[in-house]
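Spelled out from the first residue to the last, the chains are:
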Amino acid sequence: MSGIHLHWYLPTNGDSREIVGSGDDSPLGNGPSRSRFREASLDYLSLVAKTAETLGFEAVLTPTGTWCEDAWIVTAALAQVTTRLKFLVAFRPGLISPTLVAHQAATLQRISGGRLLLNVVTGGDPLEQKRFGDHLGHDQRYERTGEFLEILRGVVLPAGSGRRFDFRGKHYDIEGAQIDFGKWPLPDIFFGGASGAAQAVAARHVDTYLVWGESPATEAARIGHVRELAAAQGRKLSFGICLHVISRDTEAQAWEEAERLLERLTPERIAQAQAILARTESAGQRRMNALHSDSGTAALTARSVRDLEISPHLWAGYGLVRGGAGIAIVGSHEQVASLIEEYHAVGFDHFILSGQPHVEEAYHFAEGALAVLKSKGLLAA
Ligand SMILES: Cc1cc2nc3c(=O)[nH]c(=O)nc-3n(C[C@H](O)[C@H](O)[C@H](O)COP(=O)(O)O)c2cc1C
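Because the structure is a prediction, the values reported are computed rather than measured.

Q: Before we move on, could you go through the overall build of the protein and cite the residues and values that matter?
A: Broken down by element type, the protein carries 14 helices and 13 strands. Overall, the C-alpha framework of the protein stretches about 65 × 45 × 45 Å when taken along its three principal axes. Every one of the 381 residues in the protein was classed for burial, and the buried ones make up 57%. Relative to all contacts within the protein whose residues are 6 or more apart in sequence, the contacts with residues 24 or more apart total 75%. Carbon and sulfur atoms provide 53% of the accessible area of the protein, an area that totals close to 15000 Å². On the protein, the mean spot of the 37 positive side-chain charges and the mean spot of the 44 negative ones are 4 Å from each other.

Take a look at the structure:
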């Protein structure tokens, strides 16, 4: 196992001192009040990126969706105001030609000095897919992603080689493709998706399999299963986990912050977000929804933040109004660091963390838990 790679999240859908939703739970419509909402302006995103870079994070994840800014374009802009930070760019394979993605990736590698990583998002929201003209069903989308990734790797050929790549599959018919990356490699391919169809594609094609975090015990079983699938293909993957984090000098302070976030969520807002999240086709999102479906209602009546603690120091409050990663690690810096260590022991090398607001929480985490992990020699060089 290699060391721990710490990444941060780029809030291209806006930021706040309250939980900002994603998907159709638009911050403009029913999210934080306007006075507390921070626009995802280039200035603000530059501040988050520079903060992440200064504090020692390796990369930032830029999400994809009509609810946020375009990940490629934001990355191209922010690569110019940073020097070391990498960008994990999310994109939907079905909506763009694999040769064009290779071309964009090669250009971004050149203009950023090799700081690109790719996050392949097959898509789990049928309404979102149809907005782009994509009418394939869930498993067919993954079949197409498999072909896409075969092409993406196949077209990477040096200019002087005289070689060209042809591919004829069910979803793509490519002739004579060749994309020169020069001195840079094809970026590492990250990929999320909790369904069987997703895991089959991960086992064959990707470098790092990503999950929206659940408890360490649940994740140990999931990693074991995906490792077996990959081994059957003669491959080895690394694993990454996405979690929010509330790290403070004392545990009591961290729970106070979680309590504050919960108090700002109105029952109407939770009900509206849950109705939207319930229509998902994503197995991963259904797993997130299930984590608070009972306790969420209880928490609303009892107003007790700990009702949403699904396992020690794991709080499901985010998932009440936000799609994607629905859980936060809550605790003192030492407790947060030791839970990250526990996840690392079950097999995760990549941690994509976030906290709202993303500048202030990056400091809380980095000056606390990150420093603890570093002092223990657990961070990747
Ligand atoms: C870490 C992680 C990040 C993801 N980022 C995005 C994103 O930015 N936009 C999006 O629409 N889906 C995102 N997804 C969703 C998945 O890529 C996938 O399309 C969806 O969960 C449906 O697959 P499933 O049914 O196999 O879970 C992400 C998933 C994970 C685990």
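The discussion continues.
Q: So what about the pairing of strand E2 (residues 59-62)? Which residues, and what values?
A: The side-chain alternation of E2 yields two buried faces, one formed by Ala59 and Leu61 and the other by Val60 and Thr62. Two strands pair when backbone bridges link them, and strand E1 (residues 5-9) and E2 are joined in this way by three bridges, in the parallel orientation. When the bridges of E2 are listed, Trp8 appears paired with Val60. Tracing the backbone out of E2, into helix H3 (residues 71-78) and back to the parallel element strand E3 (residues 86-91) gives a crossover that is right-handed.

Q: Please provide a residue-by-residue account of the state of the cysteines, values included.
A: Inspection of every chain in the model, using the stated rule, returns zero disulfides. Lacking any disulfide linkage, Cys242 is separated from the closest cysteine sulfur, that of Cys68, by 13 Å.

Q: Just give me the short version of the side chain of Asp134, but keep the residues and values in it.
A: In this fold, Asp134 is placed in the loop between helix H5 (126-131) and helix H6 (138-154). Polar contacts involving the side chain of Asp134 include one to the side chain of Gln129, which spans 2.8 Å. Polar contacts involving the side chain of Asp134 include one to the main-chain amide nitrogen of Leu136, which spans 3.3 Å.

Q: Please set out the pairing of strand E7 (residues 189-192) residue by residue, giving values where relevant.
A: Residues in a regular strand project their side chains so that they alternate between the two faces of the sheet. Here strand E4 (residues 116-120) runs beside E7; their pairing, made up of three bridges, is parallel. Residue pairing in the sheet places Asn119 in a bridge with Phe190 of E7. In this structure, E7 lies alongside strand E8 (residues 208-212), joined through three bridges in parallel fashion. From the neighbouring strand, Gly192 faces E8, where its bridge partner is Leu210. Viewed along the sheet, the connection from E7 through helix H7 (residues 196-205) into E8 turns out right-handed.

Q: Outline the site of the ligand, supporting the account with residue identities and numerical values.
A: Looking at the ligand, there are 24 residues lining it, with Arg92, Gly123, His138, Tyr142 and Ser195 nearest. Between the ligand and Ser195 there is a distance of 2.6 Å, counted from an oxygen atom to a side-chain nitrogen or oxygen. One of the backbone N or O atoms of Gly284 is found 2.8 Å from an oxygen atom in the ligand. Contact with the protein chains hides 93% of the accessible area of the ligand, taken as 630 Å² for the molecule alone. Of all elements in the fold, only H6, E8 and helix H11 (283-292) reach the threshold of two or more residues within the shell around the ligand. At three residues, E8 tops the list of elements feeding residues into the shell around the ligand. A per-class count over the shell around the ligand returns eleven nonpolar, eleven polar and two charged.

Q: Summarise the confidence of the model for the protein; cite the residues concerned and give the values.
A: Per-residue confidence for the protein gives a mean pLDDT of 93; residues scoring 70 or more make up 93%. Note that pLDDT drops below 50 for residues 25-29; the model gives that stretch 13 contacts with residues more than four away or on any other chain.

Q: Just give me the short version of helix H10 (residues 267-277), but keep the residues and values in it.
A: Given 3.6 residues to a turn, an α-helix orients residues that are three or four positions apart in the same direction. Every buried residue of H10 is accounted for by Arg269, Ile270, Ala273 and Leu277. For H10, the buried positions fall inside an angular range of 100° around the axis, keeping them on one side. Exposed residues pointing more than 90 degrees away from the buried face of H10 are listed as Glu268 and Ala275.

Q: Run through the environment of Gln274, naming residues and quoting values.
A: Structurally, Gln274 can be placed in helix H10. The partly exposed category is assigned to Gln274, whose relative accessible area is 22%. Linking Gln274 and Gly323, residues 49 residues apart in sequence, is a C-alpha distance of 9.0 Å. When near neighbours in sequence (up to four residues on either side) are disregarded, Gln274 contacts His292, Gly319, Leu320 and Val321.

Q: Can you break down unusual backbone geometry residue by residue, with the values?
A: Trans peptide bonds make up most of the peptide bonds, and negative phi angles are found at most residues other than glycine. With omega at -5°, the peptide bond leading from Gln356 into Pro357 counts as cis. Even without being glycine, His313 reaches a positive phi, approximately 70°. Structurally, the position occupied by His313 is in the loop between strand E10 (309-311) and strand E11 (314-315). Residue classification places His313 among the buried residues on the basis of a relative accessible area of 16%.

What counts and what doesn't
All residue numbers refer to position in the chain's written sequence, counted from 1. Note on the predicted model: pLDDT of at least 70 is required for a residue's local features to be given, and 80 or more for side-chain atom pairs to be given and counted; whole-chain, interface and lining totals, by contrast, use all residues. Side-chain metrics in this entry use all non-hydrogen atoms of the structure; hydrogen atoms and water are not considered. Working definition: helices are DSSP H or I runs of at least four residues, strands are E runs of at least two. Numbering for both runs from the N terminus. Summary of the burial criterion: residues with accessible area below 20% of their type's maximum are buried, those above 50% are exposed, and those between are partly exposed, where the area comes from a 1.4 Å probe applied to protein chains only. Only heavy atoms enter the contact rule, under which two residues are in contact if any of them lie within 4.5 Å. Throughout, the Shrake-Rupley method with a 1.4 Å probe supplies accessible areas, and for residues the shown protein chains are the sole cover considered. Here Asp and Glu are counted as negative and Lys and Arg as positive; His is not counted, and neither are the chain ends. Taken as the charge location is NZ of Lys, CZ of Arg, CG of Asp or CD of Glu. For two strands to pair, DSSP has to find at least two bridges joining them. With strands facing away from the observer, any crossover in which the path from the first strand over the helix to the second runs clockwise is taken as right-handed. By definition, disulfides here are pairs of cysteine sulfur atoms that lie within 2.5 Å. Pairs of N or O atoms within 3.5 Å make up the polar contacts considered here, provided that, within protein, one atom can donate a hydrogen while the other can accept it, and that residues adjacent in sequence are counted only when both atoms are side-chain atoms. By convention in these notes, a residue is near a molecule or strand provided one of its non-hydrogen atoms lies within 4 Å of it. For this classification, Asp, Glu, Lys and Arg are treated as charged, while Ala, Val, Leu, Ile, Met, Phe, Trp, Tyr, Cys and Pro are nonpolar and the rest, including Gly, are polar. As a per-residue quantity, pLDDT reports the predictor's confidence and falls between 0 and 100. When we speak of the arc, we mean the arc of directions from the helix axis to the C-beta atoms.

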